[in-house]
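Single-letter residue listing:
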Amino acid sequence: MSPIHYVALSVILFVIGGVGVLVRRNAIVIFMCIELMLNACNLAFVAFARVHGNLDGQVIAFFVMVVAAAEVVVGLAILMAIFRARRSASVDDANLLKY
Amino acid sequence: MNHILAAAPSGTNTDSIAVATIFWILAFISVGAALAMILVRRAVHCAIMLAVVMLCLATMYAMLGAPFLAFVQIIVYTGAVLMLFLFVIMLIGISSADSIVETIKGQRMAAGLAAIGLFVVLILGVGHAAIGPAAKTTAANGTDNLTGLAQLIFTTYVFPFEVTGALLITAAVGAMVLAHRERTAPKPTQRDLAAKRLASGHLAPDPSPGVYALHDAADRPALLPDGSTSELSVSRTLSPRDPGEEPRFVRPEETVTVTTESGEPTALPTTSSREADS
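All values derive from a computational prediction rather than experimental measurement.

*Asks:* Mind showing me how you'd approach the interface of chain A and chain B here?
*Replies:* Size of an interface: often given as the accessible area lost when the parts come together. Every contact between the two is made by 61 residues of chain A and, on the other side, 75 residues of chain B. Of all elements in the fold, only α1 (3–23), α2 (27–52) and α3 (56–86) of chain A reach the threshold of two or more residues within the side of chain A that touches chain B. Ranked by residue count, the leading element in the side of chain A that touches chain B is α3(A), at 21 residues. Of the residues in the side of chain A that touches chain B, the class split is 45 nonpolar, 10 polar and six charged.

Structure representation (structure tokens):
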């Protein structure tokens, strides 16, 4: 299996995640779509590590996983704080800075 | 013959029909699950679809010669991160479905156009890049994948590794700060609670639901000796469960004492505080 197929698959997954971030209104689902984009990047990293025959890409993918875990923790805590104040997880309701 | 998932590190068997078949099956499953993820309305279904995508990607990591990342993907992503998502979904409300109303006019059309543009740009970039075939050996720095990764992390990438540690502890502290709720009123002591109970005039514990009643369900009020029902025996969380229904009863501690002009106290039921709670 050529690594170009894996890279193309990661491109498709990345675009799907980007569409999800743009069109969904629920903040949790938006977070999940961001996770999907990070996973697609990881797949590209691992595929390129396979192309070059070294492990640097895998190390970078490992770091991406760690950063994603930290991002999820802080993001969900922010989400909980917003939900406590606004009683809603929709991004349309968090419009205090709009006016 | 090597196992499919272990075929890649040895550099052999990489183009076999079995590997290609499994790749295409996993690719279709993951793309379909990702599409379903942005199409289904409920957040829980999104999480399950994301789990499917992550498991497919974990298998692909194993096929690409990254067994350590495959297991980290399953354990950390599917096991921990996604469970955290599900936990927050349950906390916020499992019925929190997305609204299908478009708040910004033409946003979905614009998002679709932007996605097509991004896809074309990325695919053109990938197609023009000279991505060669897979190299023969993946674990270039060690005898196997794990040893090579450990050597890289603790030699070349040791500074990013330590920065990662700082990031993790910052995230933990940040989550604690964000999830912390300040106590605005002082915490009631045991003496305060006892005084409140004495003042409520209801010293004994509440009667159990269903005592002498026809059913012993938790929403059945207990029967009193005179045949009437004791509304005290039903948990008050059961009452506001029916939306739009007035609270059926008021507990004694939910009544406020208002001193009238004549000086005698009058008990008024406070239904508004219950509405604010629910």
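*Asks:* Whenever I open this one, the confidence of the model for chain B confuses me. Can you help?
*Replies:* Interpreting fine coordinate detail is not advised for predicted regions of low pLDDT. Residues and elements named next belong to chain B. The share of residues in chain B with pLDDT of 70 or more is 73%, and the mean pLDDT across the chain is 77. Per-residue pLDDT, averaged within each element of chain B, yields its smallest value for helix α9 (residues 271–277) (41) and its largest for helix α3 (residues 43–63) (93). Predicted confidence for residues 7–13 stays below pLDDT 50, and this span has 20 contacts to residues more than four positions away or in other chains. Below pLDDT 50 for its whole length, residues 245–278 participates in 35 contacts with residues either more than four positions away or in separate chains. Per the prediction output, this complex has pTM 0.74; the corresponding ipTM is 0.93.

*Asks:* How do you make sense of the packing of α1(A) against helix α5 (residues 107–128) of chain B when you look at a structure like this?
*Replies:* The relative placement of two packed helices comes down to the angle between their axes together with the axis-to-axis distance. One can describe the packing of α1(A) onto α5(B) by two numbers: an axis separation of 9 Å at closest approach and a directional angle of 160°. The angle between the axes of α1(A) and α5(B) places the two elements in the roughly antiparallel class. Relative to α5(B), the crossing made by α1(A) is right-handed. Two secondary-structure elements touch here, α1(A) through A:Val7, A:Ala8, A:Val11, A:Val15, A:Gly18, A:Val19, A:Leu22 and A:Val23 and α5(B) through B:Gln107, B:Arg108, B:Ala111, B:Ala114, B:Ala115, B:Leu118, B:Phe119, B:Leu122, B:Ile123 and B:Val126. Here the contact of α1(A) with α5(B) is composed, by residue class, of 15 nonpolar, two polar and one charged.

*Asks:* Hey, could you run me through the confidence of the model for chain A in this one?
*Replies:* Here chain A averages 89 in pLDDT, and 98% of its residues register 70 or above. Least confident of the elements in chain A is α3(A), whose mean pLDDT is 90; most confident is α1(A), at 93.

*Asks:* Sorry, what's going on with α3(B) here?
*Replies:* In an α-helix there are 3.6 residues to a turn, and that puts residues three or four apart on one side. Residues and elements named next belong to chain B. Compared with the 30 Å implied by 1.5 Å per residue over 21 residues, the 30 Å span of α3 between its first and last C-alpha is a close match. For α3, the buried fraction is high: 16 of the 21 residues fall into the buried class. Two residues or fewer after α3 comes Gly65, characterised by a positive phi angle close to 85°.

*Asks:* Quick question: what am I supposed to make of the environment of B:Ile74 here?
*Replies:* Residue and element names in this part refer to chain B. Among the secondary structure elements, Ile74 is positioned in helix α4 (residues 67–92). The class for Ile74 is partly exposed, based on 18 C-beta atoms found within 10 Å. Note: C-alpha distance between Ile74 and Gln107 (33 residues apart in sequence) is 35 Å. Filtering out sequence-adjacent residues up to four positions away, Ile74 remains in contact with Leu55, Ala58 and Gly79.

*Asks:* Quick question: what am I supposed to make of the nonpolar core here?
*Replies:* Most often, soluble globular proteins keep nonpolar side chains buried together rather than apart. Counting residues in hydrophobic clusters, the biggest one holds 74 residues, and the most contacted among them are A:Ile28, A:Met32, A:Leu36, A:Val46, B:Leu50 and B:Tyr61. Listing elements by their share of this core, those giving two or more residues are α1, α2 and α3 of chain A together with α2 (17–39), α3, α4 and α6 (145–154) of chain B. When residues in this core are grouped by element, the largest group, 18 residues, is from α2(A). Apart from the residues within four sequence positions on either side, A:Leu36 is in contact with A:Leu13, A:Ile16, A:Gly17, A:Gly20, B:Ala34, B:Met37, B:Leu50 and B:Val53.

*Asks:* Mind showing me how you'd approach α2(A) here?
*Replies:* All names here are of chain A. Taking 1.5 Å of rise per residue, 26 residues should cover 38 Å, and α2 covers 38 Å from first to last C-alpha, within 8% of that figure. The buried fraction of α2 amounts to 22 of the 26 residues, a majority that puts the element mostly inside the structure. Phi for Gly53, located one or two positions after α2, is positive at around 75°.

*Asks:* Could you clarify how one ought to interpret the environment of B:Phe71 in this entry?
*Replies:* All names here are of chain B. Within the element layout of this structure, Phe71 appears in helix α4. Note on Phe71: 14 C-beta atoms within 10 Å, which makes it partly exposed. As for Phe71 and Tyr61, which are separated by 10 residues in sequence, their C-alpha atoms are 9.0 Å apart.

*Asks:* For this particular structure, what's the right way to read the packing of α2(A) against α4(B)?
*Replies:* Where α2(A) meets α4(B), the axes come as close as 11 Å, and the angle between the chain directions of the two elements is 175°. Between α2(A) and α4(B), the crossing angle belongs to the class labelled roughly antiparallel. Taking contact as the criterion, the partners of A:Ile28, A:Met32, A:Glu35 and A:Val46 in α2(A) are, on α4(B), B:Leu69, B:Val81, B:Phe85, B:Val88 and B:Ile89. Grouping the amino acids of the contact of α2(A) with α4(B) by side-chain chemistry returns eight nonpolar, no polar and one charged.

Quick notes on the rules
Residues numbered from 1 in each chain as written. Chains lettered and ligands numbered in written order. Predicted model: local features only at pLDDT ≥ 70, side-chain atom pairs only at ≥ 80, totals over all residues. Contact = placed C-beta atoms within 7 Å. Helix = DSSP H or I, 4+ residues; strand = E, 2+ residues; numbered from the N terminus. Nonpolar A, V, L, I, M, F, W, Y, C, P; charged D, E, K, R; others polar. pLDDT = per-residue confidence, 0-100. Axes fitted to C-alpha atoms, helices over the stretch in contact; angles between N-to-C directions. Parallel < 35°, antiparallel > 145°, perpendicular 65-115°, else oblique. Left-handed = near helix turned anticlockwise from the far one by under 90°. Expected span 1.5 Å × (residues − 1). Buried ≥ 20, exposed ≤ 12 C-beta atoms within 10 Å, placed from the backbone. Core = buried A, V, L, I, M, F, W, Y, C linked by C-beta atoms within 7 Å.

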